[in-house]
Amino acid sequence: MDLNSASTVVLQVLTQATSQDTAVLKPAEEQLKQWETQPGFYSVLLNIFTNHTLDINVRWLAVLYFKNGIDRYWRRVAPHALSEEEKSTLRAGLITNFNEPINQIATQIAVLIAKVARLDCPRQWPELIPTLIESVKVQDDLRQHRALLTFYHVTKTLASKRLAADRKLFYDLASGIYSFACSLWNHHTDTFLQQVSSGNEAAVLSSLERTLLSLKVLRKLTVNGFVEPHKNMEVMGFLHGIFERLKQFLECSRSIGTDNVCRDRLEKTIILFTKVLLDFLDQHPFSFTPLIQRSLEFSVSYVFTEVGEGVTFERFIVQCMNLIKMIVKNYAYKPSKNFEDSSPETLEAHKIKMTFFTYPTLTEICRRLVSHYFLLTEEELTMWEEDPEGFTVEETGGDSWKYSLRPCTEVLFIDIFHEYNQTLTPVLLEMMQTLQGPTNVEDMNALLIKDAVYNAVGLAAYELFDSVDFDQWFKNQLLPELQVIHNRYKPLRRRVIWLIGQWISVKFKSDLRPMLYEAICNLLQDQDLVVRIETATTLKLTVDDFEFRTDQFLPYLETMFTLLFQLLQQVTECDTKMHVLHVLSCVIERVNVQIRPYVGCLVQYLPLLWKQSEEHNMLRCAILTTLIHLVQGLGADSKNLYPFLLPVIQLSTDVSQPPHVYLLEDGLELWLVTLENSPCITPELLRIFQNMSPLLELSSESLRTCFKIVNGYIFLSSTEFLQTYAVGLCQSFCELLNEITTEGQVQVLKVVENALKVNPVLSPQMFQPILPCVFRGIIEGERYPVVMSTYLGVMGRVLLQNTSFFSSLLNEMAHKFNQEMDQLLGNMIEMWVDHMDNITQPERRKLSALALLSLLPSDNSVIQDKFCGIINISVEGLHDVMTEDPETGTYKDCMLMSHLEEPKVTEDEEPPTEQDKRKKMLALKDPVHTVSLQQFIYEKLKAQQELLGEQGFQSLMETVDTEIVTQLQEFLQGF
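Identification of the protein chain as Importin-11 from Balaenoptera acutorostrata is taken from an unreviewed UniProt entry. Within the UniProt record for the protein chain, the comment given under Subcellular location (unreviewed entry) is "Nucleus".

The following block contains the structure:
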């Protein structure tokens, strides 16, 4: 591509590509795509985006195309890779001038230079770093800033490389430029501190921007540039100096306004200081040891004493708390139980920690956390009043603990209390002691203090297990507080019910549950929405607890379910509706069929909620979960939900519909439980199976559930299902058997085995394309035992329950193997006998014995030749299934099921589903459970004896080991 002639054309097409008119835009994009692989194209782009007289949008687009080209064509091994000559020219052009006037374009240029550096620096681009270092020294403000911006992005990119050789190169780079980076940062920092008092906001902002960028460079070099940074005096000098710099910058905040750009940049720089410390602690805990004392002193003084008043801000406090937390919890600083087994570095760090965290320090931290940071703020109380649902989302962890003050203070409290519980437990107990009895509703401060202390007691529940008689406290103090209905007491009503939820799985007598349920029923009718939502949360924790007893809960079920449903209708936020639905699901799951009388209102409401939540896939996931538990609770009555239920399953499991990305997993689970609880097939339920073929093609994590769904249809209505879908299903299975893992193959074969068990007449015909693969696997001695076992299970069903089909299959395989049928049958029996030990399930072992015995009586010489093996397997089967009756001394087949006996279901067990009942009925028709192996052997041997005569039969029996014959005679006593 000739640069001079091409520039005009490319510029014109780029201009068209910025158009809002798709008729102009699309052809331009197509043309640019064709040019991507043309030699010289990226040189033209470089000329365009470095020409500051051109339109900004055109230059922006040129930069983006250049950046994308680096990703695709810069590597030597890439298809259509750029030539070395062009790359060399481009590298030189990129660092000729750092004078881009537009910030956004300058950032993109810095990023693309970093992308090239990742691939080429330092080997193919040794001049990059020296050029950047020289450029950041120039006096021109714009050039200096742009060079510094590029320097940062290059350092960041090179620091992120993880291969050992790349790490070594970065270590060398860091060692070479660290002194310069330090002096550069100190220079810009000192300049900023001098200019703060000048009142020249533009100059202050300019120097602060450079301070921030140079500190970003230092952060990457310090954290990632040294194997043992504590041995480098400059690195440790920089880190020790951070604390003094932080003090200076915090003091600067007094003289910089709260609402301007300078303030924002200042706070970002202060936070970046703390990030350097946190990152260094994370990557080099032992190198950080000399900084532990200073870090703790600095953080504690600014967060827990008056030193920080007027200069700290929320994000800074969060970072300081994270620093304390990381030091307290750091595994590297925790000695072994046997101190002698700990490293000297660990013991040194531990000693520094113990020296710092004295009783007065810990006590003050604990008291300040509770009495200052745990207090509900004016802003939170206002939010409670104006946006109660938003308040509950914030309180339940809407933000990560790392970045939000309240969760961060709570996590710090938990960690410090856990680490120093012997010291802090008496402190918290004393705070509890001072708050006995009701609190004056007019004293808002006292109410908030009690709320904060109760918060601490809830967070420390596990640590306080042996120190608090919670049952007595519940009866004498907490329960009466829940009964104070004054509006100003609502923070305490909410906190107390939350506190009970924290203790419910720690220490709470079962006998007190009815009293708690009574209180929950009352609080679900509280005038305050936040209290009701918190109560619903505690109810979930209560029903989820392992000591939950349905009999205690049932008297309150109707009231609670009705009130929860009303709450679900009342709340409007998606997150809150999801939460309440989750509570309802948990209740339904725990009480199971007992829910049936009370779900009418919810069943009527869910279709409306589903429609309203069309844009909220996560809420729809919650609805699917609720439906799963509803169907399980309703059992066969869930058929009445089909007009709503089946379209929901259809949408959720249709991979052509965009929502399936969110809904598929829960949708498949709902489909499965719907089948398991369906009393009979319906045309609509059968029609949904059209969604299955694309699902099987996905070969995703959901495949196991898909196989269960196929089994569900087979158990529900094998004839209709197989006649409608077997051809397509068999094709999918054949493809899967060639692609998926051994475990996946077994799952496919188990479906076929189930189909043969349920419908032995139709299934062999429907799955005929798969059976030769099974036969071949047996003949060739499949090497995976679990697959071989399943092969034998499938073939055992065909041989035992559809003899004519087995004969036709044997004939087909004889042609394929170019063998006589008898010879092939003999080989199959031999492999079966040899691999009998692969079969571990007693049902399959008995099936194998029945199947091979079904070949008798026979005068076929091949079968008679394998008679010994058949008898061996039969006796093994007898050992598996025969149990001795202690009263009569006779043997009986333990797998026989002679009548349908409904098992008794205990309170903790789920009642049998409709599918469980179908499986039980099927077992009553299954030869494995209806035919006595003992009797079957006797009858087959008797028939063989009649066929061959006494002498011929005796000759046959002589081929069997005498020990086996003795065992067989013992089992057949009485016949």
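## Quick notes on the UniProt feature "domain: Importin N-terminal" (unreviewed entry) in the protein chain
As annotated in UniProt, the feature "domain: Importin N-terminal" (unreviewed entry) corresponds to residues 28–100 in the numbering used here. Taken end to end, residues 28–100 is 63% helix and 0% strand, and its two terminal C-alpha atoms sit 26 Å from one another.

## Considering empty space enclosed by the protein
Where empty space is left can be seen by rolling a probe of water-molecule size over the atoms. Overall, the coordinates contain one cavity of 30 Å³ or more when judged by the stated rule. Space inside the largest cavity adds up to approximately 40 Å³. Around the largest cavity sit Tyr42, Phe66, Gly69, Ile70, Tyr73, Trp74, Leu82 and Leu90, which together line it. If you tally residues by element for the lining of the largest cavity, the top one is helix α4 (residues 56–73), at four residues. Within the lining of the largest cavity, the residues separate by chemical class into seven nonpolar, one polar and no charged.

## Comments concerning unusual backbone geometry
With omega at 5 degrees, the peptide bond leading from Cys121 into Pro122 counts as cis. Residue Pro857 is bonded to the preceding Leu856 through a cis peptide linkage, with omega at -5 degrees. Structurally, Pro857 can be placed in the loop between α41 (842–853) and α42 (861–865). Of note, Asn592 is a non-glycine position whose phi angle comes to about 50 degrees, a positive value. With respect to the helices and strands, the residue Asn592 is situated in the loop between α27 (574–591) and α28 (600–612). Unusually for a residue other than glycine, Asn818 sits at a positive phi of about 55 degrees. Relative to the helices and strands, Asn818 resides in the loop between α39 (803–817) and α40 (821–834). Using a relative accessible area of 71% as the deciding quantity, one classes Asn818 as exposed.

## Description of the confidence of the model for the protein chain
Per-residue confidence for the protein chain averages 92 on the pLDDT scale, and 97% of its residues sit at or above 70. Predicted confidence for residues 398–402 stays below pLDDT 50, and this span has 13 contacts to residues more than four positions away or in other chains.

## Points about the packing of aromatic side chains
Following the criterion strictly, the structure yields 40 aromatic pairs and no others. Note on Trp671 and Tyr713: the rings are 6.3 Å apart at their centroids and 85 degrees apart in plane angle, and the pair reads as edge-to-face. With Trp671 in helix α31 (residues 660–676) and Tyr713 in helix α34 (residues 703–739), this pair connects stretches of sequence that are 42 residues apart. Side by side, Trp671 and Tyr713 carry an identical accessibility label, which is buried. Ring geometry for Phe721 and Tyr725: centres 5.9 Å apart, planes at 45 degrees, overall tilted. Of this pair, Phe721 and Tyr725 both sit in helix α34, four residues apart, roughly one helical turn. For the pair shown, Phe721 and Tyr725 are each scored as buried. Members of the aromatic cluster, each reached through a chain of ring pairs, are Trp35, Phe41, Tyr42, Phe49, Phe66 and Tyr73. Seen from the ring of Trp498, Arg495 lies directly overhead, with NZ or CZ sitting 4.8 Å from the centre. Positioned above the aromatic ring of Phe465, the side-chain terminus of Lys507 is 5.0 Å from the ring centre.

## So, the nonpolar core
Ranked by internal contacts, the top residues of the largest apolar core, which has 342 residues, are Phe413, Trp671, Tyr713 and Phe733. It is α34 that provides the largest number of residues to this core, a total of 17 residues. When neighbours within four sequence positions are excluded, Trp671 is seen to be in contact with Ile649, Thr653, Ile688, Phe689, Asn691, Met692, Leu695, Ile709 and Tyr713.

## Details of the domain arrangement of the protein chain
Split into domains, the protein chain comes out as domain 1 (1–160), domain 2 (177–356), domain 3 (549–689) and domain 4 (875–972). Placing the centre of domain 1 and that of domain 4 at their C-alpha centroids yields a distance of 80 Å.

## Thoughts on helix α10 (residues 201–224)
With 24 residues, α10 extends 34 Å from end C-alpha to end C-alpha; this agrees with the ideal 34 Å at 1.5 Å per step. In terms of residue burial, α10 counts as a mostly covered element, since 18 of its 24 residues are buried.

## Overview of a negative patch on the surface
Where like charges cluster on the molecular surface, the negative patch consists of Glu386, Asp387, Glu573 and Asp575. Relative to the helices and strands, Asp387 is located in the loop between α17 (378–386) and α18 (388–395). Residue classification places Asp387 among the partly exposed residues on the basis of a relative accessible area of 33%.

## Things to note about the packing of helix α29 (residues 617–634) against helix α30 (residues 642–652)
Where α29 meets α30, the axes come as close as 12 Å, and the angle between the chain directions of the two elements is 130 degrees. When the axis of α29 is compared with that of α30, the two are oblique. For the pair α29 and α30, the crossing hand works out as left-handed. For the pair α29 and α30, the contacting residues are Arg620, Leu624, Leu627 and Val631 in the first and Phe644, Leu645, Val648, Leu651 and Ser652 in the second. Of the residues contributing to the contact of α29 with α30, the split by class is seven nonpolar, one polar and one charged.

## Focus on a nonpolar patch on the surface
Taken together, the side chains of Met618, Val661 and Tyr662 make up a nonpolar region of the molecular surface, amounting to roughly 340 Å² of accessible area. Position of Tyr662 among the secondary structure elements: in helix α31.

## Re the packing of helix α9 (residues 164–195) against α10
For any two helices packed against each other, the geometry is given by the interaxial angle and the distance between the axes. Contact geometry of α9 with α10 gives a least axis separation of 8 Å together with a crossing angle of 155 degrees. What the angle tells us is that α9 and α10 run roughly antiparallel. Between α9 and α10 lies a crossing of left-handed hand. Tallied by class, residues from the contact of α9 with α10 come to 16 nonpolar, nine polar and three charged.

## What to know about the state of the cysteines
Inspection of every chain in the model, using the stated rule, returns zero disulfides. Between Cys121, a free cysteine, and Cys182, which holds the nearest cysteine sulfur, the sulfur-to-sulfur gap is 20 Å. Look at Cys121 and you get buried, because its relative accessible area is 11%. You can see Cys601 has no disulfide; the closest cysteine sulfur is in Cys521, sitting 15 Å from it.

## Digging into the pattern of salt bridges
Tallied over the full model, the rule gives 40 salt bridges. The partner of Lys115 in a salt bridge is Asp71, with the nearest N and O atoms 3.1 Å apart. Of this pair, Lys115 sits in helix α6 (residues 103–120) while Asp71 sits in helix α4, placing them 44 residues apart in sequence. Its relative accessible area of 26% is what places Lys115 among the partly exposed residues. Accessibility expressed as a relative area gives 46% for Asp71, which makes it partly exposed. Between Lys816 and Glu812 there is a salt bridge whose closest N-O contact spans 3.4 Å. Of this pair, Lys816 and Glu812 both sit in helix α39, four residues apart, which is roughly one turn of that helix. On the basis of relative accessible area, Glu812 is assigned to the partly exposed category, the value being 25%.

## Observations regarding helix α7 (residues 128–135)
Residues Leu128, Ile129, Leu132, Ile133 and Ser135 constitute the buried set of α7. Down the axis of α7, the buried side of the element spans an arc of 165 degrees, and every buried residue falls inside it. The inward-facing, buried residues of α7 abut α6, α8 (141–159) and α9.

## Notes on the side chain of Ser652
Of note, Ser652 is situated in helix α30. When its relative accessible area of 0% is taken as the criterion, Ser652 is described as buried. A polar contact is formed between the side chain of Ser652 and the backbone oxygen of Val648, at a distance of 2.7 Å. Non-local contacts of Ser652, meaning those with residues more than four positions away in its chain, are made with Trp610, Leu624, His660, Leu663, Leu664 and Gly667.

## Digging into the environment of Gln483
Topologically, Gln483 is positioned in the loop between α22 (470–482) and α23 (490–503). Judged by relative accessible area, Gln483 falls into the exposed class, the value being 57%.

## What about the side chain of Asn677?
One can find Asn677 in the loop between α31 and α32 (683–687). Owing to a relative accessible area of 4%, Asn677 belongs among the buried residues under this scheme.

Procedures and definitions
Residues numbered from 1 in each chain as written. Predicted model: local features only at pLDDT ≥ 70, side-chain atom pairs only at ≥ 80, totals over all residues. Heavy atoms only, no water. UniProt positions renumbered as here; feature names shortened; annotations may be inferred. Helix = DSSP H or I, 4+ residues; strand = E, 2+ residues; numbered from the N terminus. 1 Å grid on protein atoms, 1.4 Å probe; cavity = no way out; pocket = protein on both sides within 12 Å on 5 of 7 lines; lining within 4 Å. Points joined across faces, edges and corners; volume = space filled by probe spheres on them. Nonpolar A, V, L, I, M, F, W, Y, C, P; charged D, E, K, R; others polar. Buried < 20%, exposed > 50% of the residue type's maximum accessible area, 1.4 Å probe, protein only. pLDDT = per-residue confidence, 0-100. Contact = heavy atoms within 4.5 Å. Phe/Tyr/Trp six-rings, centres within 6.5 Å; stacked < 30°, edge-to-face > 60°. Lys NZ or Arg CZ within 6 Å of the ring centre and 35° of its normal. Core = buried A, V, L, I, M, F, W, Y, C linked by side-chain atoms within 4.5 Å. Domains from an automatic or database assignment. Expected span 1.5 Å × (residues − 1). Patch = residues over 30% accessible without salt bridge, like charges linked within 9 Å, V, L, I, M, F, W, Y side chains within 5 Å. Areas by Shrake-Rupley, 256 points an atom, 1.4 Å probe, with all protein chains shown as cover. Salt bridge = Lys/Arg side-chain N within 4 Å of Asp/Glu carboxyl O. Lys, Arg positive; Asp, Glu negative; His and termini not counted. Charge placed at Lys NZ, Arg CZ, Asp CG, Glu CD. Axes fitted to C-alpha atoms, helices over the stretch in contact; angles between N-to-C directions. Parallel < 35°, antiparallel > 145°, perpendicular 65-115°, else oblique. Left-handed = near helix turned anticlockwise from the far one by under 90°. Disulfide = S-S within 2.5 Å. Arc of directions from axis to C-beta. Polar contact = N/O pair within 3.5 Å; in protein donor to acceptor, adjacent residues only side chain to side chain.

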